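Breakdown of the fold
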Amino acid sequence: MASEYVFAPPAAVSIPVLGQQARFPVHRIYCVGRNYEEHAKEMGFTGREPPFFFMKPADAVVVVDADQSGSIPYPSLTKNLHHEIELVAAIGTGGKNISAADAHKHIFGYAVGLDMTRRDLQGDMKKQGRPWDIGKSFDHSAPIGPIVPVVQAGHIEQAEISVQVGGKDRQRSNVSKLIWNIGETIEHLSAAWELQPGDLIFTGTPEGVAAVVSGDTMVGQIAGLPTLTVRVS
Ligand code: MN
């Protein structure tokens, strides 16, 4: 007999996979902080520090299909909503204590994501030494495009990454400039948590993070992946 619940459980969060009917079910969303040198500098930090992580809830995902424009509501409480364009690695095979050398075997595919940030609230929390959740882990904070399987995309290690707002460049860099590359990130992450199929890793953002307002449209691109277009409503 099927399990009974006291109310209907939420639908599984899932992301379309380019060229396939089957979807990618999301387990957890891990994010890497300050993983491009020029972005670390603009946030007031210098020098290589060990990678550090925060999470967003799986249902913060906003799915945007290929060739579609998605939208997110301007979130509550903030007056400084920032875009952070990021390469997202999607885990297909879980594991604990994965070495950087083995890490690529655990990746199912890649996508373009936006780590939307209530920068003013994050800043307040930083000052007080409190958790970042209210600045990072809010509803609709993780717009993402379709996942492109590794068999099609290859492993993305050298690719232009950019986001434009109103047709103008805001962020433009190359994922080769990641301080901790994806293999190293997975090594560190899997030492702390057992990775599971369905985990997403937002790998960090390059310099140029800035505010968007209602009516702005963000166009995020990483060479080799479908464009992510998201309007702030
Ligand atoms: Mn980020």
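For the structure itself, look to the data block above.
All of the points below concern the structure found in this document. Nothing here was measured: the structure is a model prediction, and the numbers come from that model.

Some details on the pattern of salt bridges
Using the criterion set out here, one finds ten salt bridges in the structure. In this structure, the salt-bridge partner of E38 is K41, at a minimum N-O distance of 3.2 Å. With E38 and K41 both in helix α1 (residues 37-42) and three residues apart, the pair spans about one turn of that helix. The residue D169 makes a salt bridge to R172 at a minimum N-O spacing of 2.5 Å.

Notes on helix α5 (residues 182-192)
Taken together, the buried positions of α5 are I182, G183, T185, I186, L189 and S190. Mapping the buried residues of α5 onto a view down its axis gives an arc of 155°, with all of them on the same face. Tucked into the core, α5 has its buried residues touching β3 (29-32), β4 (53-56), β8 (85-91), β9 (107-114) and β15 (200-202).

Regarding the coordination of the manganese ion
Looking at the manganese ion, one finds its protein donor set to be E84 (OE), E86 (OE) and D115 (OD), positioned 2.0 to 2.1 Å from the metal centre. Sequence positions of the residues that donate to the manganese ion give the spacing E-x1-E-x28-D. Taken together, the positions of E86 in strand β8 and D115 in the loop between β9 and β10 (117-118) put the pair 29 residues apart, joining distant regions of the chain. A residue is classified by how much of its surface remains accessible, and E86, at 0% relative accessible area, is buried.

Some words on the nonpolar core
Formed by 41 residues in total, the largest nonpolar core has its most connected members in Y110, I186 and M218. Looking at this core, the elements with two or more residues in it are β3, β8, β9, β13 (160-165), α5, β17 (217-222) and β18 (228-232). With 19 residues, the next largest nonpolar core counts F54, A58, A60 and F202 among its residues.

A look at the sheet that holds strand β7 (residues 81-83)
Spatially, the three strands line up as an open sheet ordered β10-β7-β16, and their pairing is antiparallel. Of all the strands in the sheet, the pair left with one neighbour each is β10 and β16 (210-212). Of the pairings in the sheet, the one linking β7 to β16 comprises three bridges and is antiparallel in character. Across the sheet, residue H83 finds its bridge partner in β16, namely A210.

The rules behind the values
- Residues numbered from 1 in each chain as written.
- Predicted model: local features only at pLDDT ≥ 70, side-chain atom pairs only at ≥ 80, totals over all residues.
- Heavy atoms only, no water.
- Salt bridge = Lys/Arg side-chain N within 4 Å of Asp/Glu carboxyl O.
- Helix = DSSP H or I, 4+ residues; strand = E, 2+ residues; numbered from the N terminus.
- Buried < 20%, exposed > 50% of the residue type's maximum accessible area, 1.4 Å probe, protein only.
- Arc of directions from axis to C-beta.
- Contact = heavy atoms within 4.5 Å.
- Donors = N, O, S within 2.8 Å, 3.2 Å for Na, K, Ca; no water.
- Core = buried A, V, L, I, M, F, W, Y, C linked by side-chain atoms within 4.5 Å.
- Pairing = 2+ DSSP bridges.

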